[in-house]
Structure formats: structure tokens, C-alpha cells
Amino acid sequence: MLSQELKAQIFKLPPSDRLALISAIIESLQDTSVPQPVRSGAIQQMRGLLKTDQPAPTDEEVATMLEERRLEKYLQ
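About the criteria used
The written sequence of each chain sets the order in which its residues are numbered from 1. The model is predicted, so local features are restricted to residues of pLDDT at least 70 and side-chain atom pairs to those at 80 or more, both for listing and for counting; the totals for chains, interfaces and linings are taken over all residues. No hydrogens and no water enter the side-chain calculation; it runs on all heavy atoms of the structure. Numbering of helices and strands runs from the N terminus, with a helix taken as a DSSP run of H or I at least four residues long and a strand as a DSSP run of E at least two residues long. Exposure is judged per residue with a 1.4 Å probe applied to protein chains only, and the accessible area is read against the type maximum: over 50% gives exposed, under 20% gives buried, and values in between give partly exposed. Method for areas: the Shrake-Rupley scheme with a 1.4 Å probe, in which residue coverage is limited to the protein chains shown. For patch detection, residues must exceed 30% relative accessible area and be free of salt bridges, and they are connected within 9 Å for like charges or within 5 Å for nonpolar side chains (Val, Leu, Ile, Met, Phe, Trp, Tyr). By definition, a salt bridge exists where a carboxyl oxygen of Asp or Glu is found within 4 Å of a side-chain nitrogen of Lys or Arg. The predictor reports its confidence for every residue as pLDDT, a score running from 0 up to 100.

Caption draft 1: Representation of the overall build of the protein. Helices and strands together make up the secondary structure of the protein, namely four helices and zero strands. By the burial criterion, 0% of the 76 residues in the protein qualify as buried. Accessible surface, the protein as shown: approximately 7,600 Å² in total, 59% of it carbon and sulfur.

Now the structure itself:
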């Protein structure tokens, strides 16, 4: 049955039957799981790339680094 034919048949249904149809469609969609891409492995690999033995910089150190970068960028 074509999409247009299906729509025509749906509009001929009484409202209670259309609501039942909507419920059935929603249930059928909830039963099927949409496959999610496997990201956990990639996330773990990225975390491994970011690991370091050094402690994270303090707020003051970050502010100093940003200021130095701005001076390099805008004063040269």
C-alpha cells in the first residue's frame, strides 16, 4: 500500500481507532532499539592519550599561560 493510500485509509478511521493506531506505532518503535555507535572504546583510548604524570595546572598557572600566549600573539 502506498503512503498516500495509507493516509487516506487512516483519515477514514474514527478518532478512537486513529489513537489506537498511534499507540501501536509508538509501542512498535519503543520495542526496537536504535543501535548506538560503540563509543566507549574510543573514549577510553582518548582518555589514555590525555593521561599524564604531571598534576593539572592551577588557575593561576593557566592565567599566566593565557597571558603569555596573548602577548606572543598580539605583540609580535
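Right, picking up where we left off after that structure.
Caption draft 2: Main features of a nonpolar patch on the surface. Together, L13, L21, I25 and L29 line one region of the surface with nonpolar side chains, adding up to about 320 Å² of accessible area. Position of L21 among the secondary structure elements: in helix α2 (residues 15-31). Judged by its relative accessible area of 30%, L21 is partly exposed.

Caption draft 3: Spotlight on the confidence of the model for the protein. Averaged over all residues, the pLDDT of the protein is 85; the fraction at 70 or higher stands at 89%. The least confident element of the protein is helix α3 (residues 40-50), whose mean pLDDT is 76; the most confident is helix α4 (residues 59-74), at 94.

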